[in-house]
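This is what each chain is made of:
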Amino acid sequence: MIDEARGGYVLAEAEACGGEPQTVLIAAVGETAVALEARDILERDGIGTRVVCLPRPERFAAQDRAYRDRVLAPHVTARVSVAAGAALGWYAMVGGAGDAVGLERFGADGPFRRLYGQYGLTADRVAAAARHSLARSRARSRARSPRAR
């Protein structure tokens, strides 16, 4: 479902859990490699993980709801954004159970891989954030369940 002209698309689909995503990683273009590596970690642990590439968030937001829902899977509330910039703008995409992994620093100089490692924009951190988001999502779901009352 690659449609870059629409501002966002599914880059990699979940394979674990019968192909049903349990978590969605939403990556800026430059961070798709980190998101795909995190997906590999999560999939090895049996967590179905979809990776969405969002090269143009404003264009994606302007798409019809049906398209946005096909890409972001609204029933999946365990979401993590992955972006080298500040995380603040991504919270609307990840929702209440989600998390945003980003670089909150500017002005550092050096090879991006070293900087990503130094400042925590790593596949391991993204995978940990996805696990945390999944646990939070499940806890919220149980709290809303009629049986929980």
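Residues numbered from 1 in each chain as written. Predicted model: local features only at pLDDT ≥ 70, side-chain atom pairs only at ≥ 80, totals over all residues. Heavy atoms only, no water.

**Student:** I keep staring at unusual backbone geometry and nothing clicks. Help me out?
**Tutor:** What you tend to see is this: most non-glycine residues have negative phi, and most peptide bonds are trans. With phi around 60 degrees, cysteine 17 is a residue other than glycine that occupies positive phi space. Note that cysteine 17 resides in the loop between strand 1 (9-12) and strand 2 (23-27). With relative accessibility at 40%, the residue cysteine 17 sits in the partly exposed group. (Helix = DSSP H or I, 4+ residues; strand = E, 2+ residues; numbered from the N terminus. Buried < 20%, exposed > 50% of the residue type's maximum accessible area, 1.4 Å probe, protein only.)

**Student:** Would you explain the side chain of serine 133 in this entry?
**Tutor:** Secondary-structure assignment places serine 133 in helix 6 (residues 123-144). On the basis of relative accessibility, which here comes to 0%, the residue serine 133 falls in the buried class. Apart from the residues within four sequence positions on either side, serine 133 is in contact with Thr77, Ala78, Arg79, Val80, Ala97 and Gly98. (Contact = heavy atoms within 4.5 Å.)

**Student:** I keep staring at the packing of aromatic side chains and nothing clicks. Help me out?
**Tutor:** The geometry of an aromatic ring pair is captured by the separation of the ring centres together with the interplanar angle, meaning the angle of the planes. Counted by the stated rule, this structure contains one aromatic pair. Taking 6.2 Å as the distance between ring centres and 65 degrees as the angle between the ring planes, the aromatic pair formed by phenylalanine 60 and tyrosine 67 counts as edge-to-face. Given a relative accessible area of 1%, phenylalanine 60 falls into the buried group. Geometry around tyrosine 67 places arginine 6 over its ring, the cationic atom sitting 3.8 Å from the centre. (Phe/Tyr/Trp six-rings, centres within 6.5 Å; stacked < 30°, edge-to-face > 60°. Lys NZ or Arg CZ within 6 Å of the ring centre and 35° of its normal.)

**Student:** Please explain helix 6 as it appears in this structure.
**Tutor:** Note on helix geometry: an α-helix contains 3.6 residues per turn, so any two residues three or four positions apart are oriented the same way. If you check helix 6, its first and last C-alpha atoms are 31 Å apart, about what 22 residues at 1.5 Å a residue would give, namely 32 Å. Listed in full, the buried residues belonging to helix 6 are Ala123, Val126, Ala127, Ala129, Ala130, Ser133, Leu134 and Ser137. Along helix 6, the residues classed as buried sweep out an arc of 155 degrees about the axis, all on the same side. Of the residues in helix 6, the exposed ones pointing more than 90 degrees away from the buried face are Asp124, Arg142 and Ala143. (Expected span 1.5 Å × (residues − 1). Arc of directions from axis to C-beta.)

**Student:** Looking at this structure, I do not really get the pattern of salt bridges. What am I missing?
**Tutor:** A side chain of one charge can pair with a side chain of the opposite charge if their charged atoms are brought near each other. Under the criterion given, the structure shown has six salt bridges. When the shortest N-O distance is used, the salt bridge between aspartate 45 and arginine 131 registers 2.3 Å. Highlighted residues: aspartate 45 in the loop between helix 1 (32-44) and strand 3 (49-53) and arginine 131 in helix 6, separated in sequence by 86 residues. Through salt bridges with shared partners, a single network forms among Glu15, Arg39 and Asp40. (Salt bridge = Lys/Arg side-chain N within 4 Å of Asp/Glu carboxyl O.)

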